[in-house]
Amino acid sequence: MIQFKDVGLVYPNGTEGLKNVNVTINDGEFVVIVGLSGAGKSTFIRSINRLVTPTKGSLLVDDEDILSYRSGELRKLRTKVGMIFQNYNLVKRSNVLKNVLAGRLGHTGTLRSILNLYKKEDVGLAYESLQRVNISEKIYNRADELSGGQQQRVSIARVLTQKPGYILADEPVASLDPPTSHQVMSYLKKINKEDNITTIVNLHFIDMAMEYADRIIGMRAGEVVFDGPVSEVNEKTFEEIYGRSIREDDLRGGADES
Amino acid sequence: MIQFKDVGLVYPNGTEGLKNVNVTINDGEFVVIVGLSGAGKSTFIRSINRLVTPTKGSLLVDDEDILSYRSGELRKLRTKVGMIFQNYNLVKRSNVLKNVLAGRLGHTGTLRSILNLYKKEDVGLAYESLQRVNISEKIYNRADELSGGQQQRVSIARVLTQKPGYILADEPVASLDPPTSHQVMSYLKKINKEDNITTIVNLHFIDMAMEYADRIIGMRAGEVVFDGPVSEVNEKTFEEIYGRSIREDDLRGGADES
Amino acid sequence: SSDDSDSSNAEGDNSSESSEDSNESSGDTPDTLVMGFVPSQDSDTIADTVEPLADRLGEELGIEVKGQVMTNYNALVEAMGANQVQIGFIPAFGYVLANEQYDVEVILKSIRYGSGTYKAQYLVRSDSGIESLADLEGKVWAYGDKSSTSGYLFPASQLMKEFDYASAPELESGFFSGTVQSGGHDNSALAVYNGEADVATTFDDVRTELEEEYPDVMDKLTVLDYTDEIPNDTISVTKNLDDELVQKIKEAFMSFNDDEEMIKIMNDVYNWDAIDEASDEEYEVVKETYQEFKDNIEL
Amino acid sequence: METYTLPPKPERSLFKKIKTILIAAIIVAIYVWTFLGIDIDWARAIARIQDNFARVIPNLFSPDWSATAEVSLSILETVLIAFAGSLMAAILAIPLGFLAAHNMTRSRILTTIGKWILSAVRAFPDIILAILFVVAVGPNAFAGVLAIAIGSTGMLGKLYSEVIESIDMKVVEAMEANGANKIQILFYAVIPQIIPEFLSYAIYRFEVDIRASSILGIVGAGGIGTMIIFAANNRNWNEMGLILLAIIIVVTIIDFISARIRRKIV
Amino acid sequence: MTNQSKDVVKGKTPSLYPVKTKAQVSIIFIVILGFYFFSMFWTQREMVGGFGDSLGNMFTVIGKFFPPNLSVIPAIWEPMAQTIQMAIVATTCAAILTVPLALMSAQNITTFKPLYYATRTLMNILRTIPDLVLAVIFVGLFGIGVLPGILALFIFSLGILAKLISETIESVDMNPLEAMRASGGNVLQVIFFGLVPQVLPQFTSFVLYVFEINIRASVVLGLVGAGGIGLVLDQQLGFYNYQNAMAIIILIFVVVIVIEYISNKLREALI
Ligand SMILES: Nc1ncnc2c1ncn2[C@@H]1O[C@H](COP(=O)(O)OP(=O)(O)OP(=O)(O)O)[C@@H](O)[C@H]1O
Ligand SMILES: Nc1ncnc2c1ncn2[C@@H]1O[C@H](COP(=O)(O)OP(=O)(O)OP(=O)(O)O)[C@@H](O)[C@H]1O
Ligand SMILES: [Mg+2]
Ligand SMILES: [Mg+2]
Ligand SMILES: O=P([O-])([O-])[O-]
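Per an unreviewed UniProt entry, chain D goes by the name Phosphate-import permease protein PhnE and belongs to Oceanobacillus picturae. Looking at chain D in UniProt, the text filed under Sequence similarities (unreviewed entry) is "Belongs to the binding-protein-dependent transport system permease family."

Per an unreviewed UniProt entry, chain A goes by the name Glutamine transport ATP-binding protein GlnQ and belongs to Oceanobacillus picturae.

This is the structure in structure tokens:
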């Protein structure tokens, strides 16, 4: 369970990234965060694994306030929380397997990992994760030899190998074309359901959010302006989030609608 | 007018890029070429300005066979045929105006262009082109400061500045999100209509092709398997082109349908 | 300043001495002797190996001897100071530094062309009309570099005495109208040959080195005058070498004089006719010259 | 053609304008100073090369084959010295490169110290380094190895730090988000990104060091350098020709081998 | 590839790298390491003393360089200036001439193979010749003076610059160049519009890097009568004025730092 209690975040330059955020995310939920560019979506997500640190309030993950964590605890937290990035953030020159095994780093001793002495189970897990996202045949290819969608799948496999309790995904499909986007979102959803991993995703496109989310959180200027199940989303919600009514441009070809 | 007569192209490694292609494209048409990846769409387009050279048949542009052209004539041909690329192909470190003026290179003496001594009309033309794609306020920004859609608009402005008789566009929207894609396609269509420039575009997404094209050419394994007006396209056409019936993934959220 | 560097170094040496196992109280007898060799420039064939000599010496002494050729005497001086090299073949000027800095002692010297000394020469163009040193006033002077005994120190010292200049900079700018630092004796001679300078000071006789490339050099350049005698290269040893060993080294070298084969090697490879005993006093003249220039050498 | 007006160029601040003018003025001044300071008598130079061409060039191109064995041995020794020295430098430069890279060492003071150490090492003339190592280990090839190692560390450290500064930090962030510790991040996110460049700079430096061996002869560190200096002092152009040929052959071979290795590893 | 996939299918826990890659890299690694140990052994075989008092000895000598006699700095300005001037001329000329040479030795620009190989070989040879040898040859040809020094630096810089810059050119984004060609630009126009803006920052930084190398190389040039600060340094060492020599080293250090500062500023401005 993740609880934001009165969380505020002011960046060193004075920008207010989060304002007075109160949100509770239950285990196993698939939450999508939508909002304009600069609304604070990334800041929200990155607070959860402390890539940024809120300056106010308290943020509880599994009932512990993570804001006071220091390096050792922080690494433990991050081992528990997997993250997927817009640009995949793979090591381009390393091969797929090594990239995926990097997900195990938090569970592996320093020396072992430096010497590439992974436990058999870890390598097995990595391979299994690659199979789950259907890309196990590329195991020895270098990451830069893969297409965008394939790279994103590898990065999902990396997170799976981490065996996290939570997955955070910051615009995981922004660099992908629509069919591939759907594919990636489907994988995320599948994993959310199969493994019961709480998943929090940032998206720009509302129709896609509607298709995959259990629950939608709308942000605007650092504040949460909407929070509810997909069924509650209506025209007015969009106005709240985007400050104007929905336009065709806000939609990205959802498979079901067309 | 562009005429492919029995055109074939075999790449040095033996791949057949084009097989026995016979197509005539009339002035002022807006033609969209669709087909699977590797079908030969790019090869088709790039033959027209001789970025690749067919190895068989004859290819007539304005009734002259361009396959025999050598460097001087080739430059004249390319001055007449503008091209837009998937990745915009702008010089990232140069500013927008300079990028757009590059469209005038074929019309400008070497010394003049190297010394940046453009004719006043050329600069005027470049500015006007930027205005036509609504991006004139970014004239002094460096290309890498622009978003993808803006960059593609700059590259359209570059082609407009060239004052071409033909525009070739090789997947001009593949790196763009749907709203921006529609915007870029609209600009291309607008220019096609206003200036009566023959426009040939490669697209992956069929619904977008249907929306903007006058005529669709379907390719498969180097061969033209469909050629006809949009109105003639039906379920069977897709099967011919893609070797299977249409799937939701082939569509990209068209604005009108949703 | 040389005094305190001396004392500080003495300490360093003592400590290294105690750390090594010395079986006799008077000094070291290392298992291996290192012989460092910096050839002076006035030989027309300069060897880049001293192996034959080192091997022979090793045989005579019953100790392993290694030989290394260097081309910079600073390196040799420092190596002797650090006791990395025990026997040094050093030109006179380098010896003076080594003696001053690290109490290196000369034991032998080389005999070339039948002499234990050499001298510097003043070279002028034959058609220049320069007939005496006095005629050099207002002319352009070419020398190799300032730390060359024959190329700079001795001639400069001679001219300063003769024409009464107190320091080298005054000589260079007062007596001469200009100077050319050429980097080498051959270059100095060529500077005169080509008319870029009027007089070159070199060892006697650099022209033989140039004869092959410039067949007319003997005619075009004449020797105007010579300097005083400069003592030849030394064979020196570090001060903490065992006295008996030093004696043996001396004897071994001297014995080469009676060995036809060795004489031939030395002549072929180093231009040496023979080896002779030498003492520190013989180098006094170079020491004086060094002192004279040391502090007022123009930067 | 209709009339048009370009939008005004973005206004640059007065300060910037002055700065630009000032920089331009300084550059012009530097060149004026340079060309006034350097006087080359071209007529003399041309006369000289006409005289000397025949003395030097033909001899350079007719190498003195009799020295082949000696030259081959020396160049081999040089290769060994350069190899040991540059590999040592390639390793020594790594910590310094990381210290001087601002994205690895967050403290500005430490990076500045790192950069200054590298500059100081580079400013130290090779010849003095060589003397110091002769003092340390005696006049032999190993002194050369050490002199080359230290001398090369300055340049390699600088180049390394630039490579490190240009890596993709997003990957580092991704590893951080996994719970990897600093050392793991180093091995998983940083090293894979820098290896190819490090490798090519190290190989490049190896080549440079083979050439730099001339300095070694000065201190009895052996190798081809001694022969170069003696050939120069003796004006022995034939031997110089042979030495040059040997160096060219060796560096070409190294170029060839290293290109293959690089292809394998990158 | 097919072999690898088979490997994968067979075992549930594949090895981290394909066996073949692993073997190749290991062999290369072992060979390099073996060669290293051999070199170390070979270069140390002449070593007599061991490392016993190496550091002590070194510090004794280093101690002689301190304190630096900074009072000589005014007197060494002139040769330092001469060195800088020589380096400026050599670097500038090399930077200019590098442009065509680097283009000709870049595989993606020069598609005419013989020309590419010819320039590449020529550049490799130039780069190979030790600066001292170049200086000696040019002194032999032109007599003493700054000209042979400048020429030696020039040739030497040219080799380095052409290599570094041609590699930069080979790594540029070719797409804009294709766009220029597609709009009818000729070869020169394509290069000026498409290529130059992409390589300019690297170019500047390499030129300044070579400039710094040239400043330091002049120490060697001093040995053959090419003048400059190297001659003075050598002289001061020769007379055992180590404290003066240290002042010269400090001056060189300052120049190196200044160049590095300028280089950083310029790069920041250009990127
Ligand atoms: N490191 C930072 N320092 C200062 N301000 C920042 C920083 N990161 C983000 N901001 C600011 O904080 C606000 C929220 O940014 P955030 O990245 O969370 O937005 P977002 O919703 O993710 O936007 P996008 O959709 O563009 O990614 C923005 O105004 C942004 O400019
Ligand atoms: N330079 C080349 N050399 C060899 N084969 C090539 C070359 N360029 C393309 N091909 C091959 O020619 C065929 C047609 O390629 P083309 O690029 O025209 O396809 P496309 O329809 O544009 O595909 P995509 O949608 O992926 O861009 C493909 O099989 C491709 O692999
Ligand atoms: Mg964001
Ligand atoms: Mg294509
Ligand atoms: O050997 P010299 O000192 O006379 O040059």
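(A) Expanded view of the overall build of chain D. Counting its regular elements, chain D contains eleven helices and zero strands. In summary, chain D has a C-alpha radius of gyration of 25 Å against a globular reference of 18 Å for 266 residues, an excess of more than 25%. Seen through its principal axes, chain D has C-alpha atoms that stretch 70 × 60 × 45 Å. Here chain D, with 266 residues, has 56% of them falling under the buried criterion. Partitioning the contacts of chain D with sequence separation of at least 6, the portion at a separation of at least 24 is 73%. Of the roughly 11700 Å² that chain D leaves accessible, carbon and sulfur atoms contribute 69%. Computed over 22 positive and 19 negative side-chain charges, the inter-centroid distance for chain D is 7 Å.

(B) Structural context of the environment of I275 of chain C. Residue and element names in this part refer to chain C. Of note, I275 is situated in strand β11 (residues 274-277). A relative accessible area of 2% means that I275 is categorised as buried. Placed 21 residues apart in sequence, I275 and M254 show a C-alpha to C-alpha distance of 6.2 Å. Non-local contacts of I275, meaning those with residues more than four positions away in its chain, are made with L108, K109, I111, I235, F253, M254, F256, N257 and M266.

(C) Here's a closer look at unusual backbone geometry. The step from D204 of chain C to D205 of chain C runs through a cis peptide bond, and the omega angle for that step is 10 degrees. In this fold, D205 of chain C is placed in the loop between β8 (199-203) and α8 (207-210). With omega at -5 degrees, the peptide bond leading from F66 of chain E into P67 of chain E counts as cis. Checked against the element boundaries, P67 of chain E lands in the loop between α3 (54-64) and α4 (73-104). The backbone of K163 of chain B sits at a positive phi, close to 50 degrees, despite the residue not being glycine. Mapped onto the secondary structure, K163 of chain B falls in the loop between α6 (148-161) and β7 (166-169). Look at K163 of chain B and you get exposed, because its relative accessible area is 58%. The backbone of Y113 of chain C shows a phi angle near 45 degrees, a positive value even though the residue is not glycine. Assignment of secondary structure puts Y113 of chain C in the loop between β4 (105-111) and β5 (117-125).

(D) The arrangement of the domain arrangement of chain A in detail. We note that the domain assignment places domain 1 (1-31 + 54-72) and domain 2 (88-178) within chain A. With centres defined by C-alpha atoms, the gap from domain 1 of chain A to domain 2 of chain A works out at 27 Å.

(E) Quick peek at the sheet that holds strand β4 (residues 56-61) of chain B. All names here are of chain B. Strand order in the open sheet formed by four strands is β2-β1-β4-β5, with antiparallel pairing between adjacent strands. With partners counted over all chains shown, the strands left at the sheet margins are β2 (16-25) and β5 (64-65), one partner each. The sheet contacts of helix α1 (residues 41-48) involve β1 (2-10), β2 and β4, and relative to β2 the element is tilted by about 60 degrees.

(F) A look at the interface of chain C and chain E. Listed by partner, the interface residues are 36 residues for chain C and 29 residues for chain E. Roughly 2600 Å² is buried in total at the junction of chain C and chain E, and carbon and sulfur atoms are behind 54% of that figure. Viewed at the interface, chain E and chain C are joined by zero salt bridges. The interface formed by chain C and chain E holds ten residue pairs in polar contact (both at pLDDT 80 or more) in total. Of all the secondary structure elements, the ones that give two or more residues to the side of chain C that touches chain E are α1 (2-19), β1 (32-37), β2 (64-69), α3 (73-81), α4 (92-102), β7 (178-181), α7 (185-193) and α12 (284-294) of chain C.

(G) Here's a closer look at α4 of chain C. All names here are of chain C. Most of α4 sits out of view: eleven of its eleven residues are buried. When α4 is considered as a whole, its buried residues turn out to be A92, F93, G94, Y95, V96, L97, A98, N99, E100, Q101 and Y102. D103 lies just past α4 and shows a positive phi near 55 degrees.

(H) Representation of the nonpolar core in the model. Within the largest apolar cluster, 341 residues are counted, with the highest numbers of intra-cluster contacts made by L136 of chain C together with M175 of chain D. For this core, the element with the highest residue contribution is helix α9 (residues 187-221) of chain E, accounting for 17 residues. In this structure, M175 of chain D is in contact with V91, A102, L105 and R158 of chain A together with A180, I185, Y188 and A189 of chain D, ignoring residues within four places of it in sequence.

(I) Spatial organisation of the domain arrangement of chain D. What the domain assignment reports for chain D is domain 1 (14-59) and domain 2 (65-265). Centre-to-centre, using C-alpha coordinates, domain 1 of chain D lies 31 Å away from domain 2 of chain D.

(J) Focus on the pattern of salt bridges. According to the stated counting rule, one finds 43 salt bridges over all chains in the structure shown. Of the charged contacts in the structure, one is a salt bridge between D280 of chain C and K287 of chain C, with a shortest N-O distance of 2.8 Å. D280 of chain C gets classed as partly exposed once you look at its relative accessible area, which sits at 24%. Salt bridges linked by common partners bring R122 and K158 of chain D together with E212, R216 and E260 of chain E together as one network.

(K) Fine view of the site of ligand 1. Residues and elements named next belong to chain A. Lining the immediate surroundings of ligand 1 are 13 residues, of which S37, G38, K41, S42 and T43 lie closest. One of the side-chain N or O atoms of Y11 is found 3.5 Å from a nitrogen atom in ligand 1. Residue G40 places a main-chain N or O atom 2.9 Å away from an oxygen atom belonging to ligand 1. In terms of residue class, the shell around ligand 1 is made up of three nonpolar, eight polar and two charged.

(L) The arrangement of the environment of D27 of chain B in detail. All names here are of chain B. If you trace the backbone, D27 turns up in the loop between β2 and β3 (30-35). When the C-alpha atoms of D27 and S231 are compared, they prove to be 20 Å apart, with 204 residues separating the residues in sequence. D27 has contacts with M1, Y166 and T198, leaving out every residue within four places of it along the chain. A polar side-chain atom of D27 sits 2.7 Å from the main-chain amide nitrogen of M1.

(M) Spatial organisation of the confidence of the model for chain D. Residue and element names in this part refer to chain D. Overall, the predicted model of chain D reaches an average pLDDT of 84, with 94% of residues at or above 70. For chain D, helix α9 (residues 214-218) is the element with the lowest average pLDDT, namely 71, and helix α3 (residues 68-100) is the one with the highest, namely 90. This prediction of the complex comes with two scores: 0.79 for pTM and 0.76 for ipTM.

(N) Spatial organisation of a positive patch on the surface. A cluster of basic residues, R260, R263 and K264 of chain D together with K20 of chain E, forms a positive patch at the surface. Element by element, the count of residues in the positive patch is highest for helix α11 (residues 237-265) of chain D, at three residues. Of note, K20 of chain E is situated in helix α2 (residues 19-44).

(O) Spotlight on the interface of chain E and chain D. Listed per partner, the contact involves 70 residues of chain E and 70 residues of chain D. Roughly 6400 Å² is buried in total at the junction of chain E and chain D, and carbon and sulfur atoms are behind 76% of that figure. Connecting chain E to chain D are four salt bridges. With its nearest N and O atoms 3.0 Å apart, the salt bridge here joins R122 of chain D to E260 of chain E. The tally of links between chain E and chain D comes to eleven residue pairs in polar contact (both at pLDDT 80 or more). At eleven residues, the largest contribution of residues to the side of chain E that touches chain D is made by α2 of chain E. Classifying every residue of the side of chain E that touches chain D by side-chain character gives 47 nonpolar, 13 polar and ten charged.

(P) Focus on the UniProt feature "transmembrane region" (unreviewed entry) in chain D. Residue and element names in this part refer to chain D. What UniProt calls "transmembrane region" (unreviewed entry) maps, in this numbering, to residues 21-38, 79-101, 185-204, 210-230 and 242-261. Here residues 21-38 runs as 94% helix and 0% strand, with 26 Å between its end C-alpha atoms. Between the C-alpha atoms that bound residues 185-204 the distance is 28 Å, and the span itself is 100% helix and 0% strand.

(Q) Fine view of the environment of M83 of chain B. Tracing the chain through its elements places M83 of chain B in strand β6 (residues 81-84). Taking the C-alpha atoms as reference points, M83 of chain B and T199 of chain B, 116 residues apart in sequence, are found 9.7 Å from one another. Contacts of M83 of chain B, omitting those with residues within four sequence positions, involve I45, R46, N49, L51, V159, L168 and D170 of chain B together with A182 of chain E.

Reading the values: the criteria
Residues numbered from 1 in each chain as written. Chains lettered and ligands numbered in written order. Predicted model: local features only at pLDDT ≥ 70, side-chain atom pairs only at ≥ 80, totals over all residues. Heavy atoms only, no water. UniProt positions renumbered as here; feature names shortened; annotations may be inferred. Helix = DSSP H or I, 4+ residues; strand = E, 2+ residues; numbered from the N terminus. Rg over C-alpha atoms; globule rule 2.2 N^0.38 Å. Buried < 20%, exposed > 50% of the residue type's maximum accessible area, 1.4 Å probe, protein only. Contact = heavy atoms within 4.5 Å. Areas by Shrake-Rupley, 256 points an atom, 1.4 Å probe, with all protein chains shown as cover. Lys, Arg positive; Asp, Glu negative; His and termini not counted. Charge placed at Lys NZ, Arg CZ, Asp CG, Glu CD. Domains from an automatic or database assignment. Pairing = 2+ DSSP bridges. Axes fitted to C-alpha atoms, helices over the stretch in contact; angles between N-to-C directions. Buried area = accessible area lost by both parts, 1.4 Å probe. Salt bridge = Lys/Arg side-chain N within 4 Å of Asp/Glu carboxyl O. Polar contact = N/O pair within 3.5 Å; in protein donor to acceptor, adjacent residues only side chain to side chain. Core = buried A, V, L, I, M, F, W, Y, C linked by side-chain atoms within 4.5 Å. Near = heavy atom within 4 Å. Nonpolar A, V, L, I, M, F, W, Y, C, P; charged D, E, K, R; others polar. pLDDT = per-residue confidence, 0-100. Patch = residues over 30% accessible without salt bridge, like charges linked within 9 Å, V, L, I, M, F, W, Y side chains within 5 Å.

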